[in-house]
Amino acid sequence: MFMKKLLYPLLLCVAALVAAYVVMVSYESYYMAHVEKLSLFLYTSLFLSQKLVVAGGMLSYVGAWLTQFLYVPWQGALAVCVLCGLLMLVMQQAFRLSYLWAPLLLAPLAAVLMSDFMLGYWVYLIKMPGYFFGLSVGSITGLLAVWAFRLLIGRHWWLRAVWMVLAGAVLYPLVGCYGLVALVLMTAMEWRLSAASIAQKAMLTTVAVVVVLAVPLVCYRYVYDQTPIESIWWCGIPLFAQGDQTFGEYYLPYYLMLGACLLAVFLPVPRKEQKKGKALQWATAAAGIVLGAALVYVCNEHWYRDENFHKEIQMEAAVEECDWDEVLGLAATASNPTRQIVLYKYLALFKSGRIGKEMYDLPDGGALPDCPAVLHLVQLGGQHLYLQYGMQNFCYRWCVEDGVEFGWRVKNLRLMLRCALLNHEWNLAQKFIDMLRQTRNHAQWAEEYQPLVGHPELIAKHKELGPITHVKGSYSVLASDQSLIEKFMLTVLSSHTTDDPIGAELVLVSAIQLKDIQVFWRAFNQYAITHPDELMPRVYQEVAYLYGHLENGVDISRMPFEQSVKDDYEGFMALGEKCKGMTEAQMRSVFYPKYGRTFYYNYFLVRGLRTY
Amino acid sequence: MISKITERCVTALSSVICPLALGLVLVGCSSPQVPASYKDGKALPDIYPDYVGVTVPVNMAPLHFQLMPVNAQTEVVTRFHCGEEEIVCGGRQAMPSVSDWQRLVAAALKGDASQTKKPMPITVEVFENKTDGWVRHKPFQVSVSPDSIDSWLSYRLISPSYVAFEELTINQRCLENFDERVIYNNMLCSEEAEGQCINCHSYQKGNPNRMQFHARLNHGGTLINYDGKLRKVNLKTDSTLSAGVYPAWHPTLPFIAYSTNITRQMFHTLDVNKVEVFDTQSDLILYDLERNEVINVENSPLEFEVFPTWSPDGRWLYYCSAHFEQQDTVKFEAELIRRYQDLKYSIYRKPFDPEKRTFGPSEMVFDAASQGLSATLPRISPDGRWLMLSVGSWGCFHIWHRDADLWIGDVATMEMHPWKEVNSTHTEAYHTWSSNGRWIVFSSRRDDGNFTRPFFAHVDKDGHATKPFELPTDNPDRHRQLLKSYNIPEFMLGPVTISPQSFADALKGEPSQATFVSK
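Below you will find a few notes about this structure. (Residues numbered from 1 in each chain as written. Chains lettered and ligands numbered in written order. Predicted model: local features only at pLDDT ≥ 70, side-chain atom pairs only at ≥ 80, totals over all residues. Heavy atoms only, no water.)

Moving on: the overall build of chain A. Along chain A, the regular secondary structure elements total 31 helices and three strands. The principal-axis extent of the C-alpha atoms belonging to chain A is close to 100 × 55 × 40 Å. Considering chain A as a whole, with its 612 residues, one finds that 58% of them fall into the buried category. Considering only intrachain contacts with a sequence separation of at least 6, the fraction spanning at least 24 residues in chain A is 72%. Total accessible area on chain A is roughly 24600 Å²; 63% of this is exposed by carbon and sulfur atoms. (Helix = DSSP H or I, 4+ residues; strand = E, 2+ residues; numbered from the N terminus. Buried < 20%, exposed > 50% of the residue type's maximum accessible area, 1.4 Å probe, protein only. Contact = heavy atoms within 4.5 Å. Areas by Shrake-Rupley, 256 points an atom, 1.4 Å probe, with all protein chains shown as cover.)

With that settled, the discussion passes to the overall build of chain B. Assigned secondary structure in chain B consists of six helices and 37 strands. Since a compact globule built from 519 residues should have a radius of gyration of about 24 Å, the 24 Å found for chain B is in line with a globular shape. Overall size of chain B, expressed as C-alpha extent along the three principal axes, is 75 × 50 × 50 Å. Expressed as a percentage of the 519 residues in chain B, the buried residues total 59%. (Rg over C-alpha atoms; globule rule 2.2 N^0.38 Å.)

Between chain A and chain B, the residue contacts involve 59 residues of the former and 57 residues of the latter. In total, chain A and chain B occlude about 5100 Å² of area from one another, counting both sides; carbon and sulfur atoms represent 60% of this. Summed over the three residues of chain A that lose the most area to chain B, namely Asp225, Lys431 and Leu478 of chain A, the buried surface amounts to 14% of that side. Applying the counting rule to chain A against chain B returns six salt bridges. Connecting chain A to chain B are 25 residue pairs in polar contact (both at pLDDT 80 or more). In terms of residues, the side of chain A that touches chain B owes the most to one element, helix α19 (residues 392–406) of chain A, which gives nine residues. (Buried area = accessible area lost by both parts, 1.4 Å probe. Salt bridge = Lys/Arg side-chain N within 4 Å of Asp/Glu carboxyl O. Polar contact = N/O pair within 3.5 Å; in protein donor to acceptor, adjacent residues only side chain to side chain.)

Residue and element names in this part refer to chain B. Spatially, the three strands line up as an open sheet ordered β2-β4-β7, and their pairing is antiparallel. If you trace the sheet from one side to the other, it starts and ends with β2 (47–48) and β7 (93–94), each paired once. Where β2 meets strand β4 (residues 65–67), two bridges bridge the pair, whose relative direction is antiparallel. Bridging across to β4, Ile47 finds its partner in Leu67. (Pairing = 2+ DSSP bridges.)

A word on the pairing of strand β13 (residues 180–185) of chain B. All names here are of chain B. With five bridges joining them, strand β12 (residues 169–174) and β13 adopt antiparallel strand pairing. Of the residues in β13, the one forming a bridge with Ile170 is Tyr184. Taken together, β12 and the strand that follows it, β13, pair antiparallel across an intervening segment of five residues.

Residues and elements named next belong to chain A. The full count for this structure, using the stated rule, is 52 salt bridges over all chains. A salt bridge links Glu190 to Arg160; the nearest nitrogen and oxygen atoms lie 2.7 Å apart. Linking Glu190 in helix α9 (residues 177–193) with Arg160 in helix α8 (residues 157–175), this pair joins segments that are 30 residues apart in sequence. Taken as a pair, Glu190 and Arg160 share a single burial class, namely buried.

Residues and elements named next belong to chain A. By secondary structure assignment, the location of Gln541 is in helix α28 (residues 538–550). You can call Gln541 buried: its relative accessible area is 3%. Those residues within four positions of Gln541 in sequence are excluded, and the remaining contacts are Met536, Pro560, Phe561, Glu562 and Val565.

Among the nonpolar cores identified, the biggest contains 253 residues, and Met24, Phe95, Leu143, Phe240, Tyr386 and Tyr540 of chain A together with Tyr184 of chain B are the most heavily contacted of them. Per element, the largest residue contribution to this core is twelve residues, and it comes from helix α5 (residues 73–95) of chain A. Among all residues touching Tyr386 of chain A, those that are not within four sequence positions of it are Val378, Met391, Gln392, Phe394, Cys395, Trp398, Asp481, Ile485, Phe488 and Met489 of chain A. Membership of the second largest hydrophobic core comes to 40 residues, among which are Leu67, Leu104, Ala108 and Ile122 of chain B. (Core = buried A, V, L, I, M, F, W, Y, C linked by side-chain atoms within 4.5 Å.)

Now for the packing of helix α6 (residues 106–117) of chain A against helix α11 (residues 252–266) of chain A. Residue and element names in this part refer to chain A. For the pair α6 and α11, the least separation of the axes is 8 Å and the interaxial angle reads 170°. On the basis of their axis angle, the class for α6 and α11 is roughly antiparallel. Along its contact with α6, which presents Ala107, Pro108, Ala110, Ala111, Met114 and Ser115, the element α11 presents Leu252, Pro253, Leu256, Met257 and Ala260. Residue composition of the contact of α6 with α11, grouped by class: ten nonpolar, one polar and no charged. (Axes fitted to C-alpha atoms, helices over the stretch in contact; angles between N-to-C directions. Parallel < 35°, antiparallel > 145°, perpendicular 65-115°, else oblique. Nonpolar A, V, L, I, M, F, W, Y, C, P; charged D, E, K, R; others polar.)

Along the chain, the position of Arg480 of chain B falls in helix α5 (residues 478–481). Expressed as a C-alpha distance, the spacing of Arg480 of chain B and Pro49 of chain B, which sit 431 residues apart in the sequence, is 9.4 Å.

All names here are of chain A. Its 15 residues place the ends of α19 20 Å apart at the C-alpha level, agreeing with the 21 Å of an ideal helix rising 1.5 Å per residue. Most of α19 sits inside the fold, with 14 of its 15 residues counted as buried. Downstream of α19 by a residue or two, Gly407 has a phi angle that is positive, lying close to 95°. (Expected span 1.5 Å × (residues − 1).)

This brings us to a negative patch on the surface. Taken together, the side chains of Glu230 and Asp244 of chain A together with Glu191 and Glu194 of chain B present a region of like negative charge at the surface. Within the element layout of this structure, Asp244 of chain A appears in the loop between β1 (241–242) and β2 (245–246). Under the relative-accessibility criterion, Asp244 of chain A is labelled exposed at 74%. (Patch = residues over 30% accessible without salt bridge, like charges linked within 9 Å, V, L, I, M, F, W, Y side chains within 5 Å. Lys, Arg positive; Asp, Glu negative; His and termini not counted. Charge placed at Lys NZ, Arg CZ, Asp CG, Glu CD.)

With that out of the way, let us pick up the pairing of strand β23 (residues 316–323) of chain B. All names here are of chain B. Of all eight residues in β23, six are buried; the element is thus mostly enclosed. Bridge count between strand β22 (residues 303–310) and β23: six bridges; the pairing is antiparallel. Considered in β23, the bridge of Phe304 is made with Ala322. Hairpin remark: β22 followed by β23, antiparallel, with five residues in the connecting loop; positive phi at Gly314, about 75°. The pairing of β23 with strand β24 (residues 345–353) spans seven bridges and is classified as antiparallel. Considered in β24, the bridge of Cys320 is made with Ile347.

Axes are the key here: two packed helices are described by the angle between their axes and the distance separating the axes. Residues and elements named next belong to chain A. Across the interface, helix α29 (residues 563–578) lies against helix α30 (residues 584–595) with an axial gap of 11 Å and an inter-helix angle of 165°. Taken together, the axes of α29 and α30 lie roughly antiparallel to each other. Both α29 and α30 take part in a crossing whose hand is right-handed. Of α30, the residues touching α29 (which contributes Asp568, Gly571, Phe572, Leu575 and Gly576) are Val590, Phe591 and Tyr595. Looking at side-chain class alone, the contact of α29 with α30 contains five nonpolar, two polar and one charged residues. (Left-handed = near helix turned anticlockwise from the far one by under 90°.)

To continue, consider helix α20 (residues 410–422) of chain A. Helical periodicity: at 3.6 residues per turn, an α-helix aligns residues three or four positions apart in one direction. If you check α20 of chain A, its first and last C-alpha atoms are 19 Å apart, about what 13 residues at 1.5 Å a residue would give, namely 18 Å. By the criterion of burial, α20 of chain A is predominantly enclosed, with 13 of the 13 residues buried.

Residue and element names in this part refer to chain B. Strand order in the open sheet made by the four strands is β13-β12-β11-β35, with antiparallel pairing throughout. Looking at the sheet topology across the chains shown, the edges are occupied by β13 and β35 (485–492). Averaged over neighbouring strand pairs, the angle between their axes works out to 25° when direction is ignored.

Looking now at the side chain of Lys411 of chain A. Residue and element names in this part refer to chain A. Inspection of the secondary structure assignment puts Lys411 in helix α20. Only 2.6 Å separates the side chain of Lys411 from the backbone oxygen of Leu380, close enough to count as a polar contact. Not counting the four nearest positions on each side in its chain, Lys411 is found in contact with Lys37, Leu38, Glu316, Gln379, Leu380, Gln383 and His384.

Here we take up unusual backbone geometry. Note the cis peptide between Tyr48 of chain B and Pro49 of chain B, where omega equals -10°. Going from Met68 of chain B to Pro69 of chain B, the amide bond is cis rather than trans, its omega being -5°. Along the chain, Pro69 of chain B turns up in the loop between β4 and β5 (75–82). The residue Gln482 of chain A is not glycine, and still its phi comes out positive at about 50°. For Ile488 of chain B, which is not glycine, the phi torsion reads 55° and is therefore positive. One can find Ile488 of chain B in strand β35.

Structure, rendered in structure tokens:
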């Protein structure tokens, strides 16, 4: 019997944790590493004091510290599983669940996994530092207090009252509302399990209510000055809202956790279970199993699996490594790509010198991110695009905007360091290097940039920064991207005047994407001048040939176009004649097999793609 | 009180949890010894902040600094000494306590053995244990001035942001120690749907009981504390461009002059200055606190008037103005963006009759535009002798202009010149005088070109300044780690005692609408 009571819950929990671990490591490695880059933990006293300015600040601090482990996904997954295991243990001890109800212990695991892996693009919009471990650490802390309360049941009721006051006063500053929820659970437990008199229970309830109301108010008035009074009871819970809109589905893990705890309070105590008849025990076990299955189902249903989201993350990691083949390989497998994926593809093609030939080899696309909130490219990979295209001021700007709005992230600091180096702002670069030295995972990365400080000649030779120096414009203009970077970037880049061959190619491909004929011809001439002895890549020939026919402003009669360029043009136009009356969608399916890789197709049949 | 306790708890906690290195430093600090033998180095120590050869006021907090690079592993001992007094600190960060520092300062002011008892400098020696033994870097001196500085400084802490904002605080810092408190935090009135921006804190002659600041957007308005009475005012009227923006308290009377501005912001694609902030229109108004009335001061459509400031006797209102005429047929704002470098501000003034609340005609006192320059933020010393300005090549928002420098000139002659003693190759912009006129505080980006820090310098009666020094911080690495700028450093004679929550309560109330009175 003893073994059964111990083994069943243990095996169930361990199996669930192992399964969760395997799934995380197998499918979410890039995501976890990405979450780490969207977080920041510095081993400095300033960092700690900045976190402790709100109730629940310690939760953020510990959460941010734990988030560092996500950098190595197996470690991050292990941290999640260890915490979930602890949470299960504490829950079991706090509520002394009957072994028949062991599947309820899966609830915290499901809640934690959901809170971590249902986010998708919301991961960019979360403002709470250490969010990834917030629910687990907060719940463990709260349930430890409940466990201690349970140990006091059967003793003097005033001891429990003192404990309630103490727990509220200590836990609220440390873990925010998790401390208050612990008091709610204590009160429920008092009514459910305690043999105290009604008057004593009422007294304890009053104490809990007073503590729950008063502690946050006292903290608001005398301790903290950064939380509006409307939010003081929710400290420690991230806000899933944008503008006037609240996205309630993301709170599901929190409801699940709270619901599981409340259910655990009101379940029959183990001794009573044993007195039940066999049939009732079986029924209880069956209910437990159904509950466990439901939890697995709900968790699975809410796990965010969007292909584009995961691809973007992998591509960003490859961009950071300047692994352009990897970026292109990922782009090739995107069936309905977002603009972010398409823009990464163009970047990789340009950086690897293949854009003139392969610009349209992969289909264009304009799928919107699968996210209920409003997102802009600049919040995703736009900062990388700005940096790689030599617009470091705008990269820097959006790093600052992001840092201000969502809190400073490793990603921002790493980008800002490179911007500072490209701008020859040596002291600023040193500042970011020194900050990154205070991190667990990025100190070595930052160290590699140290030799570049004060040495533009080394920057010019640097694997990543060197090529960027070729595409920086020659003069500055005042501009604003209005948060829509694609059109803005193309407009600025296509306007550059340069005698650098690499820079001139970027000007040309930007002009081509802009589909502005006048801008194209200027860029085309500049490209031709800077590449005097080279064969004109096929895509550029196609554009010139088409624009030469569309407008007679430029004489193309003496340009040495390849015969296949001319043939494709003629064929495309002839097919166009045949397809008169078709919708654009119908035409796309007819044209794509033969002409999908040409500029002609892109110019006439790829239109109206939404950028964001 | 509780927030102070919390702060101390945080500090205590941080020293427990945070880096092992800090622990080692503290251990090293327990009984530091000046090495018995050492070689003399020829170079000054590379310390941050740069306190080599600076002059500090008698009541300034200790100068904490660190030997750079901060991550180096060498052993370091620092000795401060003056006369009989000596402080020895171990570790790369030299952090003498307030009481030790005061002993040292007292010894410095006691003077030397000469009859004149001339103040003695504090000598600082930094010893470093390098691979081939201890080296004493070239010693340097810190002079102590008997002129005291106003004991409090307030500033806005803001990320050097562009458009987005989240948490902003107006803080106050006791300059005699390291006590820093929040005057107001905008998050107290911010919601996800609507944030709140705060700016332009200002005081009547440094009086913390007579202050104002603006809140924009959520629960917006101008919050004025007048002798402990809080009021929220809406200064925007149908007859003015905007609510009040850049304020200037009359030195004695219940008037505040403001500019009203329509401000825009654009971004440089390449220029290292990164941001350009400019007005598309601006005027001047006067707000009468007692009557809750706004009157117009200047509103010429071809002139961009901004940054009012009073003469110490309150009989003159100084301000900046740029003349701008549209040349093209394109939209006015588009032309302004194209010709932003043509916006050049000069300094003007108008006589003020306090009884009638009227202003006389404008007169130009410093024609910066004719020199191809743009002069902003006029500030007159309390004795009325000196005019201090920030001068750059164009525009009014010099914090984003690297070429912006402080200039000074005699008010009597209005001959202005760059103040070489205090300037750097980076931005020098917002500046103000201490109440005794012997100290200035100004914003500078000399540390890294991007993050603004307050610097102080002593000014003698002839207008000569000493080498500026950065605001000392408890942890000398703080400003290198902090990703926020100090904005609008303003001296105060004491701390603001109204709590942030009380400010928030007042801001949540309905504003009193100021009435526009035409004159």
